[in-house]
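Inside the fold
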Amino acid sequence: MAARLRLVAGNLLKACGLLGCLYLFICSLDVLSSAFQLLGSRLAGDIFRDNVVLSNPMAGLVIGVLVTALVQSSSTSSSIVVSMVAAKLLTVRASVPIIMGVNVGTSITSTLVSMAQSGDRDEFQRAFSGSAVHGIFNWLTTLVMLPLESATALLERVSELALGAASLEPGAQVPDILKVLTKPLTHLIVQLDSDVIVGSITDNATTSSLIKQWCSSTGQPTKGNSSDCGDSGPCEDRNGTAPADRLPCQHLFAGTELTDLAVGFILLAGSLLVLCSCLVLIVKLLNSVLRGRVAQAVKTIINAEFPFPLGWLSGYLALLVGAGLTFVLQSSSVLTAAIVPLMGVGVISLDRAYPLLLGSNIGTTTTALLAALASPAERILSALQVALIHFFFNLAGILLWYPVPALRLPIQLARHFAAVTARYRWVAGAYLLLGFLLLPLAVFGLSLAGATVLAAVGGPLVGLVLLVILVTILQRRRPAWLPARLRSWAWLPIWLHSLEPWDRLVTRCCPCKACSPSQATTKEAHCYENPEVLTSQQL
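Residues numbered from 1 in each chain as written. Predicted model: local features only at pLDDT ≥ 70, side-chain atom pairs only at ≥ 80, totals over all residues. Heavy atoms only, no water.

Under an unreviewed UniProt entry, the name given to the protein chain is Sodium-dependent phosphate transport protein 2C isoform X6, and the organism recorded is Sapajus apella. Taken verbatim from the UniProt record of the protein chain, the Sequence similarities (unreviewed entry) comment is "Belongs to the SLC34A transporter family." (UniProt positions renumbered as here; feature names shortened; annotations may be inferred.)

And the structure:
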């Protein structure tokens, strides 16, 4: 009896610890988003104000990726686009590539979360496959829809038809369920005025601080600050006389003399520390709880399939569940960041996580639709059209890459990419830097020189990449169709067709050999990749 009580008490404590870590994890994501907004809002405003560059679809796409990666919030990026369209600073057609880039940039959060599980090879492979499948889906959808939209304006026309057929009822309110739980803690740390980002684009008010200083007498934040901050110095008027109808905000950085950049770095370091710590604790608690029959029961329930011949409905049910959870949580980042650790411990399979992640893309657009209905009367049409474009873009991606099992390329590519990343773990960092920073910056820099320069430099490179992909596929599927010399890449220098030389270089440059796999991991990888060795071992 005493042993059973200890077991029940232990499980209860683990459940409470798991819920507490999950709460702090979600709050740290909110603070992390605030930190990135403080660090990148100025650059985001400068980028969005360059209307000449935004007229180029490729430039608009990479700007959406860069800005969403900078502010770590697709809703903030979308609100900027909506405000620019409503203020006639941006046409609806020019906003479509930016919305696509926003959709791509939001997948960076799940990639960062998966890297916290890089200590274990198998867990990291499963977790990274979940984050990679989300990013690959968004990139593949963009690669198909961007040329189609540039040629036919399909999404713009469909959104116009849907807008014309709908009966508008302004004033709908967005549910605020998750924020009600996180605000008591996050608002004690920092409060930001997101309208300053939009105002810096529409009104050129670039000197206001994002950190809110004055709140209303009811304790709720008011729009706008009573002080202005310079770009290179501390705020001089933050501690001035309070207006008669306002009270100072009660958060950690209220009345601080630090610049937005300094506060952003402090919040970034603290939120990343809390996020990684909570994630490690969540994984360890899940590993201790989900063992034996409990783990098998949870896996069976989550990955259950409908009986034949209705098995195909299971994925669509998971898609609806993902959309519903995202709508309730009001954040696709929170849902994807929660799914990735569960994939790492083996609770959710990649095949089941795929429709959940696609549903999260749909769920975040429904929240944007409700937010557009709450817009002022003079902005509601443009706000709704941008939100509808976002919705139809994600819906087109689902129709492309989900109904036909043979076309679920993101799953196959994510599995292969995760296997490579699990063996060479530095590839995850390279993927983050190249996919979300360096390549977008390079395309943006070329777009500044004009569309002709971008086409002259980017066209041959894209053609070369497509040719290499085609030859590689033929090497594996139809080698007889290729000349003898092209049936393998062995005639190229080894650093052009193998990651081994790059791995030795990274391992040699990495301090304390932190990037090199342990001897046990190397041996395990050797067994995984050599079936002859594996079958020769005794069971």
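This next bit is on helix α19 (residues 451-477). If you check α19, its first and last C-alpha atoms are 37 Å apart, about what 27 residues at 1.5 Å a residue would give, namely 39 Å. Along its length, α19 reaches its greatest deviation from straightness, about 30°, at Gly 458, and the proline Pro 460 lies no more than four positions downstream. Within the sequence span of α19, burial applies to Leu 454, Gly 458, Val 471, Leu 474 and Gln 475. (Helix = DSSP H or I, 4+ residues; strand = E, 2+ residues; numbered from the N terminus. Expected span 1.5 Å × (residues − 1). Bend = angle between axes of the 7 residues up to and from the residue. Buried < 20%, exposed > 50% of the residue type's maximum accessible area, 1.4 Å probe, protein only.)

A separate point is the pattern of salt bridges. Under the defined criterion, the tally for this structure stands at four salt bridges. Ionic pairing is found between Asp 351 and Arg 415, a salt bridge with its closest N-O pair at 3.1 Å. Highlighted residues: Asp 351 in helix α15 (residues 350-373) and Arg 415 in helix α17 (residues 409-423), separated in sequence by 64 residues. Asp 351 gets classed as partly exposed once you look at its relative accessible area, which sits at 45%. (Salt bridge = Lys/Arg side-chain N within 4 Å of Asp/Glu carboxyl O.)

Further remarks concern the packing of helix α13 (residues 313-329) against helix α14 (residues 332-344). Contact pair α13 / α14: the axes reach a minimum separation of 8 Å and the direction vectors enclose 125°. The orientation of α13 with respect to α14, classified from their angle, is oblique. Remark: the crossing between α13 and α14 carries right-handed chirality. Packed against α13, whose contacting residues are Gly 322, Leu 325, Thr 326 and Leu 329, the element α14 presents Ser 332, Val 334 and Leu 335 at the interface. Residues belonging to the contact of α13 with α14 are distributed by class as follows: four nonpolar, three polar and no charged. (Axes fitted to C-alpha atoms, helices over the stretch in contact; angles between N-to-C directions. Parallel < 35°, antiparallel > 145°, perpendicular 65-115°, else oblique. Left-handed = near helix turned anticlockwise from the far one by under 90°. Contact = heavy atoms within 4.5 Å. Nonpolar A, V, L, I, M, F, W, Y, C, P; charged D, E, K, R; others polar.)

A few words now on unusual backbone geometry. With the exception of glycine, most residues fall at negative phi, and the peptide bonds are largely trans. Notably, Ala 153 is not glycine yet its phi reads approximately 55°, a positive angle. With respect to the helices, strands and loops of the structure, Ala 153 is situated in the loop between α7 (121-152) and α8 (154-165). A relative accessible area of 4% places Ala 153 in the buried class.

If you look at the biggest cluster of nonpolar residues, it comprises 65 residues, and the most contacted ones within it are Phe 25, Leu 267, Ile 339 and Tyr 354. Once you skip the residues sitting within four places of it in the chain, Ile 339 turns out to touch Ile 348, Ala 353, Leu 356 and Leu 357. Counting 30 residues, the second largest nonpolar core, distinct from the first, contains Met 84, Ile 98, Val 386 and Ala 396. (Core = buried A, V, L, I, M, F, W, Y, C linked by side-chain atoms within 4.5 Å.)

Let us look at the state of the cysteines. Using the criterion set out here, one finds zero disulfides in the structure. Of the cysteine sulfurs around Cys 21, a residue in no disulfide, the closest is that of Cys 278, at 5.3 Å. (Disulfide = S-S within 2.5 Å.)

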